[in-house]
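What the coordinates show
Here are the chains, one letter per residue:
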Amino acid sequence: MTSSTLEHSQSQFLSESESWSTSTLPESARLVRDSSAHWLSEVVAELVAFLSLKPNWDSYEAIPVRIENVKTAIELLFNFSAASTPRPSVVPTNLGGVQIEWHQKAIDLEIEIHSPVAIDVCFEDLEKGVEREYELRSDLHILEDLVSKLSQQ
Amino acid sequence: MGQGLPNFDKPPLFEVALAVQFQPLENFKSAHLGLLWERYRDEFPLIEEHCLLEPQFERFGIRRTSTVPFKLEMMDRPPTPRCWFVKENGSQLIQVQRDRFIHNWRKRGEEANYPRYEAIRDLFEKELVEFASFVAEESLGPLEFNQCEITYVNEIEPNSVWCEHSQLNRILTVFSDDSGEQELPKLENANLRVRFLLEGDDGKPIGRLHVNVEPRHRADSGKPIYFMTLTARGAPKTSDVNGLMHFLDYGRQVVVKSFASLTSKEMHGTWEGPHD
C-alpha cells in the first residue's frame, strides 16, 4: 500500500536500482513454474466472467460480484492448487462474494470469500467422519493442508 | 505514548504516513472528492490527482502472493482517482481514494522540525472522523477498515560515519562486508528488502514489518544517500477507529524500536540519541 509520497520525489533523488534482467525465465513461467493445475486458466476465466453480472443477477436482489473477491479467489487458487489438485467449481454469491468448492469422493471442501479478509471454510471428510468449519481473516495456513487432502485422494 | 521508546533529537526522518484501507466504497465517485475537499480546503488548499494505489493485504500461509503479477481492473467506467489535499507549504497532505485514507507529513526544507508522532496521530484521527462523517452523510456505504499501516521514511545522509554507498555496514547492524576467508569484489551499494512477522499475544501473526533500504543520489549535488523505509502493516483487531488507532500505536512502537535496533551506534550519535 505505498502510502509514502517518495515515489513522487524522483526528480530530487536519483535511484540506483535497475530493472534490467538477463534471466531467461519469462514472467509467465515464474507464475506457473512448478505446479500449476491444468484447469487454472479455465477457472480464472470463469471467475473473471462473474464481474459482468449486473445487480439482481439472480432475480433475488443479488449485488454484483466485487472485484477484490475475484482477485482473492485467483490468488488462493494460484497458491494452493497443485498439478494433482482436482478442478473446483466456482460460483458467485448473492452478497458479492465468490465460492470455490470441491465435492470429491468422500471430501467436500467449500471456501466462501466474503471479502479478502473474511473467508469461511467448510471441510467434511465423510469417510473419516470429520467435519470442520473455519472463519479465516489473514492467517490462511489451514487452506494448504485442506486443499492438499483433495490431491491425496 | 512515547514512553520507553528510543528518541533522537535529530532523527533522519523524511516522511511519516498513517494510512487505513477499507472495503471499497462502491458509490464513491469523482464528484465526492470535490465535496470532501470542501471540508479540508481551509487547511489543505492545494489539490493533486494521482493513480490509484492497489489494495494490499498482509496474509499468512501464502507462499506465492508476490509472484502473481496480475492486475484486474473494471473497465466499465473510468476509475475514481486518488486525490491529494496538500497544505500550502507542502509539509502535510491527505490522500483519499475509494478504499484508502492517508495522512502524510513530509520534511520540507532543512530546518523543518518533525512535529512528532502524537501530533500527526491526532491530526490523522481528527481528519478520519471527519471523513467517516462525510461517508455517512453521503450514504456511501459502511466504512469497514481491513488493513492499516504506519510508514517512516528516513533519509540517511553521508557524515563522519560513512561517505559512500559501499559503507552500508557502518549504517546498519544487520549488514556485514566481512566475507571471511573468501574474497568478494568491492561492494558498490546494496538494496535491501527485509520482512519481519508481527505476532499477537497468542503467537499468531497479525501483521508484518517491511524494511527497505535503497541507495540514491541527490539530483542537485550528486551526494549519495540511503533511504530507509519501515512500514508496519496489518489488520486492526476491530474494524472501527479504536481498533485502527490501537494498531497504529503498536506499529509505531515496532517501527521506532526496529529502526534503533537496525542502525549502528555510530549513526545514533550523529542523530543525537537515543534517549528513552
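So, here's what we can say about the structure.

What to know about the overall build of chain B
Of the regular secondary structure elements, chain B holds five helices and nine strands. Ordered by position from the N terminus, the helices and strands of chain B form the series β-α-β-β-β-β-α-β-α-β-β-β-α-α. The C-alpha atoms of chain B give a radius of gyration of 20 Å, which matches the 19 Å a tight globule of 276 residues would have. Seen through its C-alpha atoms, chain B measures out along the principal axes to roughly 65 × 45 × 40 Å. In chain B, buried positions account for 32% of the 276 residues.

Let's talk about unusual backbone geometry
A cis amide bond links Gly273 of chain B with the next residue in sequence, Pro274 of chain B, at an omega value of 0°. In this fold, Pro274 of chain B is placed in the segment after helix 5 (265–270). At Asn56 of chain A, a position not held by glycine, the phi torsion is positive, near 70°. Structurally, Asn56 of chain A is set in the loop between helix 2 (40–49) and helix 3 (67–80). Even without glycine at this site, Lys105 of chain A takes up a positive phi of about 45°. Tracing the backbone through its elements, the reader meets Lys105 of chain A in the loop between strand 3 (98–104) and strand 4 (107–115). Overall, Lys105 of chain A belongs to the exposed group, with 12 C-beta atoms counted inside 10 Å.

Observations regarding the sheet that holds strand 3 of chain A
All names here are of chain A. Reading across from one edge, 2-3-4-5-6 is the order of the five strands in this open sheet, with antiparallel pairing throughout. Strand pairing shows two members of the sheet lacking a second neighbour, strand 2 (89–92) and strand 6 (130–136), which therefore form its edges. Going across the sheet, the axis of each strand differs from the next one's by a mean of 10°, ignoring polarity.

Description of helix 2 (residues 117–137) of chain B
Residue and element names in this part refer to chain B. Taking 1.5 Å of rise per residue, 21 residues should cover 30 Å, and helix 2 covers 30 Å from first to last C-alpha, within 8% of that figure. Burial in helix 2 covers these residues: Tyr117, Ile120, Phe124, Glu127, Leu128 and Val135. Within helix 2, the buried residues cover an arc of 110° as seen down the axis, which keeps them to one side. Every exposed residue of helix 2 that faces more than 90 degrees away from the buried side is listed here: Glu118, Ala119, Asp122, Lys126, Val129, Ser133, Ala136 and Glu137.

Re the interface of chain B and chain A
Contact residues are listed per partner, giving 46 residues for chain B and 34 residues for chain A. The biggest single contributor to the side of chain B that touches chain A is strand 8 (residues 205–218) of chain B, with six residues. The class makeup of the residues in the side of chain B that touches chain A is 20 nonpolar, 14 polar and 12 charged.

Things to note about the pairing of strand 4 of chain A
Residues and elements named next belong to chain A. Bridge analysis of strand 3 against strand 4 gives seven bridges, and the strand direction is antiparallel. Bridging from a neighbouring strand, Ile100 pairs with Ile111 of strand 4. Hairpin connection between strand 3 and strand 4: a loop of two residues separates the two successive antiparallel strands, and Lys105 in this loop has a positive phi of roughly 45°. Here strand 4 runs beside strand 5 (residues 118–125); their pairing, made up of eight bridges, is antiparallel. The residue bridging Ile107 from the neighbouring strand is Asp125, located in strand 5.

Some thoughts on the packing of helix 2 of chain A against helix 3 of chain A
Residues and elements named next belong to chain A. Put simply, helix 2 and helix 3 touch, their axes get as near as 10 Å, and they point 170° apart. Overall, the two elements helix 2 and helix 3 adopt an arrangement that is roughly antiparallel. Contacts between helix 2 and helix 3 involve Leu40, Val43, Val44, Leu47 and Val48 on the former and, on the latter, Val70, Ala73, Ile74 and Leu77. Considered class by class, the residues forming the contact of helix 2 with helix 3 number nine nonpolar, no polar and no charged.

Criteria and cut-off values
- Residues numbered from 1 in each chain as written.
- Chains lettered and ligands numbered in written order.
- Predicted model: local features only at pLDDT ≥ 70, side-chain atom pairs only at ≥ 80, totals over all residues.
- Helix = DSSP H or I, 4+ residues; strand = E, 2+ residues; numbered from the N terminus.
- Rg over C-alpha atoms; globule rule 2.2 N^0.38 Å.
- Buried ≥ 20, exposed ≤ 12 C-beta atoms within 10 Å, placed from the backbone.
- Pairing = 2+ DSSP bridges.
- Axes fitted to C-alpha atoms, helices over the stretch in contact; angles between N-to-C directions.
- Expected span 1.5 Å × (residues − 1).
- Arc of directions from axis to C-beta.
- Contact = placed C-beta atoms within 7 Å.
- Nonpolar A, V, L, I, M, F, W, Y, C, P; charged D, E, K, R; others polar.
- Parallel < 35°, antiparallel > 145°, perpendicular 65-115°, else oblique.

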